[in-house]
Every structure is written in C-alpha cells, then in structure tokens.
Amino acid sequence: MNQVFALKAFEDNYIWVIQNQSHCLIVDPGESAPVIDYLNQQTQITPVAILITHHHSDHVGGVQKLTQIYPNLKVYGPKDSPFTKTDYSLVDGQKIHFNEFNLSFDICHIPGHTLDHIAYYNDDWLFCGDTLFSVGCGRMFEGTASIFQHSLEKLRALSDDTLVFCAHEYTQANIRFALTIDTDNQTLLNHANKVKQLRQNNQASLPTTLKLEKAINPFIRTHIASIQAQVSSKWGQVVSEPIETFAALRALKDRF
Ligand SMILES: [Zn+2]
C-alpha cells in the first residue's frame, strides 16, 4: 500500500516521501541529509524518483547529492525552469506513471509563486509545493496577481477529498493572518485550536484537505462576497472580484 509521510528539512520545510514496502518517491528534497538518513535506516526501500515542484533551492538543494548516491534515481521537474537537472521535463496536462507503486500523477502548471511551478496530483493527493499552503499561499515572487489567482482556481477545482501536501509548516502564522480578515469564521476558529494542539505536540498540521481549505483559506475564497467585503475594509479600498481581492490579500499578508 502506498503511504505518504514527511521528513523535516531546514526550519519548516517538509520533504514528502511516497512509499510502499519496497520503493519510494521523494518530493522536493531541499536538502539531502534527512533523505539519506532515512534511507540508511530503511535498507529495504529503493528510491525510484524525485519529484520537483519548482526551482527554489529549499526544494532542489538535495538533488545533486541524492542522484550521486543513488544513480538510478530519476528526476522529474517542470519544463522551462531555472532548475535544469531533470531527466523528465513536465508540462501542464501531462500524466506520469510509476509501475512500482501502480500510481499516476497528473501535472498541473500553477505559476505565481514562481513561473515554473507545477503540482502533482491524482484522485487522492495533491503535492503543491509553495503555491497553496494550509490557510495561505506562497509569496508572489515571479507571477502576477492574475496568474497566481488563476493557478489557485485550478487547484480549487480539484475534488474536496484531495489530501493537500504543502511544502512548509506555515499553518499557525497563516491562521493568525486569516483571522484578521475572516474574523467570525467558526470553522477557522475551530481549526486554529486543533493546529495549536498539534504544534504543541510537535506534530505536523499537514496534510490538509481541499474541503477544509475551501472553508478557511482566504486565498482560495476570493470569489466570495463576504471575503471581498472584509478585504475591502482592511485594504481601505473596495475590491469586488477575485483577482483584485487576491492582490489586496497577498499585499496585506506581505506586510502582516
Ligand atoms: Zn519556493
């Protein structure tokens, strides 16, 4: 059976490992040491491939060392990316399959945080790197509000049951910001308590689900009139459609 779990990296990154009894896939190894340590303990596990979501060093920094140690490891990543050390360059709409796991992923191009950013998804799982976080989204380093908003729309269109594997543990800080916008959202308030407990016990707040994010993440709720009204009041200027609302929300979060 295929399972997903997190290896911690740096301060707050997660390297997601997809694994069955004999093989694994590694998503965004920003550093090699946590992966090497893990594989040294799990000697029955052969790493098959690395899946890269975007070119930032905290997502690709471990690739070179890992491919030196495991020469059969294949690297999948976005086409037209500053990160070029890939064996397979992926574009929007493509499907990849791994026989070892009987597992497929569709590729979705989701620029905004960076222009090369892609997501890997299937009916169960979404690996979305730094584009969508729980109760937040990535910083807009390379895209525009229009591009980023469009990418988030694409993710919002996936099934409610999808488990969302974000690349950072930013949930508590994101909740603090979201509560300044969506002050009376009871689901958000309840989730804040749950995450507080998890973090006190040093447990990950991830994965999340798209269903939950659709209820509490202001960055994918910019089409909702009450969110637009709350953002308008915080922003000091009326925003009345998703792109404008996203732009104001992102700017407010940047200075939060
Ligand atoms: Zn990034």
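Here the structure is a predicted model, which means the values were calculated and not measured.

## As for the overall build of the protein chain
Counting secondary structure elements, the protein chain contains 9 helices and 14 strands. In summary, the protein chain has a C-alpha radius of gyration of 18 Å against a globular reference of 18 Å for 256 residues, a match within 12%. Across its three principal directions, the C-alpha atoms of the protein chain cover 55 × 40 × 30 Å. Considering the protein chain as a whole, with its 256 residues, one finds that 53% of them fall into the buried category. A sequence separation of at least 24 residues applies to 60% of the contacts in the protein chain between residues at least 6 apart.

## What to know about the layout of surface pockets
Here the largest pocket defines a volume of roughly 320 Å³. Taken together, 18 residues make up the lining of the largest pocket; nearest its centre are F133, C137, R139, Y170 and K253. Contributing elements (two or more residues each) for the lining of the largest pocket: α5 (171-181) and α9 (242-254). Along the lines of polarity and charge, the residues of the lining of the largest pocket split into 6 nonpolar, 5 polar and 7 charged.

## Focus: the packing of aromatic side chains
Counting across every chain of the model gives 15 aromatic pairs. Consider the rings of F105 and F127, whose centres lie 5.9 Å apart with planes at 80°: the pair is edge-to-face. A residue pair is termed long-range when its members are at least 10 positions apart, and F105 in strand β8 (residues 103-109) and F127 in strand β10 (residues 125-127) qualify at 22 residues. Classification of F105 by relative accessible area gives buried; the value is 0%. Given the relative accessible area of 0%, F127 is considered buried. Pairing F219 with F246 gives two aromatic rings, centres 6.0 Å apart and planes at 70°, and the pair type is edge-to-face. Within this pair, whereas F219 is found in the loop between α7 (210-216) and α8 (225-235), its partner F246 is found in helix α9, the two being separated by 27 residues in sequence. The pair F219 / F246 is uniform in exposure class, with both members buried. An aromatic cluster is present here, built from Y14, W16, F105, Y120, W125, F127 and F165 joined pairwise through their rings.

## Focus: the nonpolar core
By size, the foremost hydrophobic cluster in this structure holds 49 residues, and its most contacted members are L25, I96, F98, F105, Y120 and F127. With 20 residues, the next largest nonpolar core counts A9, Y38, L39 and Y70 among its residues.

## Focus: the UniProt feature "domain: Metallo-beta-lactamase" (unreviewed entry) in the protein chain
Feature annotation in UniProt assigns "domain: Metallo-beta-lactamase" (unreviewed entry) to the following positions: residues 12-168. Helix makes up 20% of residues 12-168 and strand 32%. Its end C-alpha atoms lie 5 Å apart.

## Description of the sheet that holds strand β6 (residues 88-90)
A sheet is described by the order of its strands in space; here 6 strands give the open sequence β1-β2-β3-β4-β5-β6, paired in mixed fashion. Pairing within the sheet leaves two strands with one partner each, and these edge strands are β1 (3-9) and β6. Neighbouring strand axes in the sheet, compared pairwise and without regard to direction, differ in orientation by 25° on average. As paired elements, strand β3 (residues 23-27) and strand β4 (residues 46-51) share 5 bridges and run parallel to each other. From the neighbouring strand, C24 faces β4, where its bridge partner is P47.

Rules and cut-offs
- Every chain begins its residue count from 1, and numbering advances along the sequence as written.
- Only residues with pLDDT of at least 70 are given local features in this predicted model, and only at 80 or more are side-chain atom pairs given and counted; all residues enter the totals for whole chains, interfaces and linings.
- With hydrogens and water stripped out, all remaining heavy atoms of the structure feed into the side-chain values.
- By the criteria applied, helices consist of DSSP H or I runs no shorter than four residues and strands consist of E runs no shorter than two, each listed in order from the N terminus.
- Both definitions apply: the radius of gyration is a C-alpha atom measure, and the globule rule equals 2.2 Å times residues to the power 0.38.
- Accessibility here uses a 1.4 Å probe with only protein chains present; expressed as a share of the type maximum, an area under 20% marks a residue as buried, one over 50% as exposed, and anything in between as partly exposed.
- Any two residues whose heavy atoms approach within 4.5 Å are treated as being in contact.
- A pocket, in this scheme, is an open set of points on a 1 Å grid over the protein atoms alone with protein on both sides within 12 Å along at least 5 of 7 lines, while a cavity is a set where a 1.4 Å probe fits but cannot get out; residues line either one if an atom lies within 4 Å of a point.
- Grid points are joined across faces, edges and corners, and a volume is the space filled by probe spheres set on the points.
- In this classification, Asp, Glu, Lys and Arg are treated as charged, Ala, Val, Leu, Ile, Met, Phe, Trp, Tyr, Cys and Pro as nonpolar, and every other residue, Gly included, as polar.
- By convention, a stacked pair of Phe, Tyr or Trp rings (six-membered ring in the case of Trp) has centres within 6.5 Å and planes under 30 degrees apart, an edge-to-face pair has planes over 60 apart, and any other such pair is tilted.
- The set of buried Ala, Val, Leu, Ile, Met, Phe, Trp, Tyr and Cys residues whose side-chain atoms join them within 4.5 Å is what this entry labels a nonpolar core.
- UniProt positions are given in the numbering used here, feature names are shortened, and annotations may be inferred rather than shown by experiment.
- Paired strands, as defined in this entry, are two strands with at least two bridges between them according to DSSP.
- Only the contacting stretch of a helix is used when fitting its axis, a line to C-alpha atoms as for every element, and angles between N-to-C directions run 0 to 180 degrees.

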